[in-house]
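What follows is the residue order along each chain.
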Amino acid sequence: MKNKEELETLNKKFKRLKIINIVLILIVLIGVVGAGTLGYLYIRRDILKKTTIVHEMQFLKNKINEKYNNNYEYNENVHNAAYKLDLNVGESGLHATHPKILNFDEKWNGYKYWLVYSPYPFANDKYENPYLVASNDLINWETPKGLKNPIEKTPSNYKHEYIYNSDPHILYNADTKKMELYFRFVNDTEDKVIIYRRTSSDGVNWSEKEEIISNNRSKKDYMSPAIIYDNGIYKMWFVDHDKLVHYIESKDGYKYENEKVIDLNYPIPKLQSWHIDTIKTEKGYELLTVAYRYHEDRNSMNLYYFTSKDNENYSKGVIVMRPSLISWDNKGIYRSSFIYENGVYYVYYSGISMNNERGIGLAYGEHIENLIGSNIKQETDLVTVNKETNAS
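We now turn to the structure provided with this report.

Conventions adopted
- Residues numbered from 1 in each chain as written.
- Predicted model: local features only at pLDDT ≥ 70, side-chain atom pairs only at ≥ 80, totals over all residues.
- Heavy atoms only, no water.
- Pairing = 2+ DSSP bridges.
- Helix = DSSP H or I, 4+ residues; strand = E, 2+ residues; numbered from the N terminus.
- Axes fitted to C-alpha atoms, helices over the stretch in contact; angles between N-to-C directions.
- Buried < 20%, exposed > 50% of the residue type's maximum accessible area, 1.4 Å probe, protein only.
- Salt bridge = Lys/Arg side-chain N within 4 Å of Asp/Glu carboxyl O.
- Phe/Tyr/Trp six-rings, centres within 6.5 Å; stacked < 30°, edge-to-face > 60°.

**With respect to the sheet that holds strand β14 (residues 302-308)**
The strand order across the open sheet formed by four strands is β12-β13-β14-β15, and the pairing between neighbours is antiparallel. Strands at the two margins of the open sheet, each flanked by one partner only, are β12 (272-281) and β15 (318-321). Direction aside, neighbouring strands of the sheet carry axes that sit 30° apart on average. Note that strand β13 (residues 284-292) and β14 share seven bridges and pair antiparallel.

Have a look at this one:
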């Protein structure tokens, strides 16, 4: 009898253990499914969301040749530069970003081409100050004799991500015969954004900085100002908090007015404008900009091109540069600048690698939508092109 009772007790314990075991298995299964679901949702929300380029490439895969880019086949080995440029300014030149290039019909103070940029090593804004270099062949760059870079040093009250310089730009004023350097100063501790200007008659000796535009940054911003001097009028394009391109103009270079928004029709829906450059040619106004869909994608963007005869109605955008897959610019394209000379476009573009190193590459071609990336180890490629086009 006792053995029977013990057996029943053991059976009950066994059944309880079986139930507990089943419950534990269910908990594990539910945990795995739940974790998997959460993991999937995370990937969908945060990983895929952060890879806009992947989405864009899928979106364009079957349409790009026939609809957006005039039936050309995009090939990163052709369009992207093989190497980033060596600007011969030490470490700062190896982490260069945000270029603006100027060209002259005749040499200005010894050089035909001038380029301003700001170093941005691993997104460290302490070094985001304007550096200036010059060239006579578009490939080999140097600091003009007597010039001390950076032209504007790190703010004395610098504070990471709060107080810093950024977004340099240069133009030539044919009336004063001076080069003008602009840069953006941010002081978020005091809610300020200021566009400063310095001028030079030789590219070496520069005036003290002067305030051109200022505002409360919480209300207004002037990101990536692209400025030209055209028939006595300063014309400025910039990006505001709304991530739209805005335009203002000034007769004296101080009082800017007539603000309007430039409506850009991107080939991919819901893109937001970021950093821009604008030039005026025989074709009218030509504009390059990078753009993103989600804020966290600002380092993984494509480069887009627009043109307009009247600065009102712009053509539908086309993609002119994408990140490469395995090269130095395999994460994204950033602020880029360009010139149009002797029927050839020369695009100096900012590139970012997957390890967040930065640099400037060069691509060129007769058609902006079909560029050829420069291989700077073949130092005659651009020189030869220049000689041939100048001779024609």
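Still to come is the rest of the account.
**Examining the sheet that holds strand β11 (residues 257-262)**
Reading across the sheet, the four strands line up as β8-β9-β10-β11 and stay open at both edges, with antiparallel pairing between neighbours. Across the chains shown, the open sheet's two edge strands, defined by having one partner strand only, are β8 (223-230) and β11. Mean inter-strand twist for the sheet, computed between neighbouring axes without regard to direction, equals 20°. Relative to strand β10 (residues 245-250), strand β9 (residues 233-239) is paired through six bridges, and the arrangement is antiparallel. The residue bridging lysine 235 from the neighbouring strand is glutamate 249, located in β10.

**A short note on the pairing of β10**
Each regular strand displays side chains that alternate between the two surfaces of the sheet. In terms of residue burial, β10 counts as a mostly covered element, since five of its six residues are buried. Linkage of β9 to β10, two consecutive antiparallel strands, is achieved through a turn of five residues, within which lysine 243 is found at a positive phi near 60°. Relative to β11, β10 is paired through four bridges, and the arrangement is antiparallel. By the bridge assignment for β11, valine 245 is matched with isoleucine 262.

**Things to note about the pattern of salt bridges**
Side-chain pairs of opposite charge can arise whenever the charged atoms involved come near each other. Scanning the model with the defined rule gives 18 salt bridges in all. Put simply, arginine 197 and glutamate 180 hold a salt bridge, and the shortest N to O gap is 3.4 Å. In this pair, arginine 197 is assigned in strand β6 (residues 192-200) and glutamate 180 in strand β5 (residues 178-187), connecting sequence segments 17 residues apart. You'll find arginine 197 and glutamate 180 in the same group, each marked buried. Among the salt bridges present, the one from arginine 184 reaches aspartate 221, with a minimum N-O distance of 3.1 Å. Highlighted residues: arginine 184 in strand β5 and aspartate 221 in the loop between β7 (210-216) and β8, separated in sequence by 37 residues. When sorted by exposure, arginine 184 lands in the same class as aspartate 221, which is buried.

**Some details on the packing of aromatic side chains**
In this structure the tally under the stated criterion is 21 aromatic pairs. Between tyrosine 111 and tryptophan 114 the ring centres are 5.6 Å apart and the planes differ by 85°, which places this aromatic pair in the edge-to-face class. Residue tyrosine 111 shares its accessibility class with tryptophan 114, and that shared class is buried. On the basis of an interplanar angle of 25° and a centroid distance of 5.6 Å, the ring pair of tryptophan 328 and tyrosine 349 is categorised as stacked. Of this pair, tryptophan 328 sits in the loop between β15 and β16 (332-341) while tyrosine 349 sits in strand β17 (residues 344-352), placing them 21 residues apart in sequence.

**Side note on unusual backbone geometry**
In the segment running from asparagine 149 into proline 150, the intervening peptide bond is cis, with an omega of -5°. Within the secondary structure layout, proline 150 lies in the loop between β3 (131-135) and β4 (163-173). A positive phi is found at asparagine 356, a non-glycine position, where the angle reads about 70°. By the secondary structure assignment, asparagine 356 is in the loop between β17 and β18 (358-365).

By themselves, these observations are geometric and do not establish any function.
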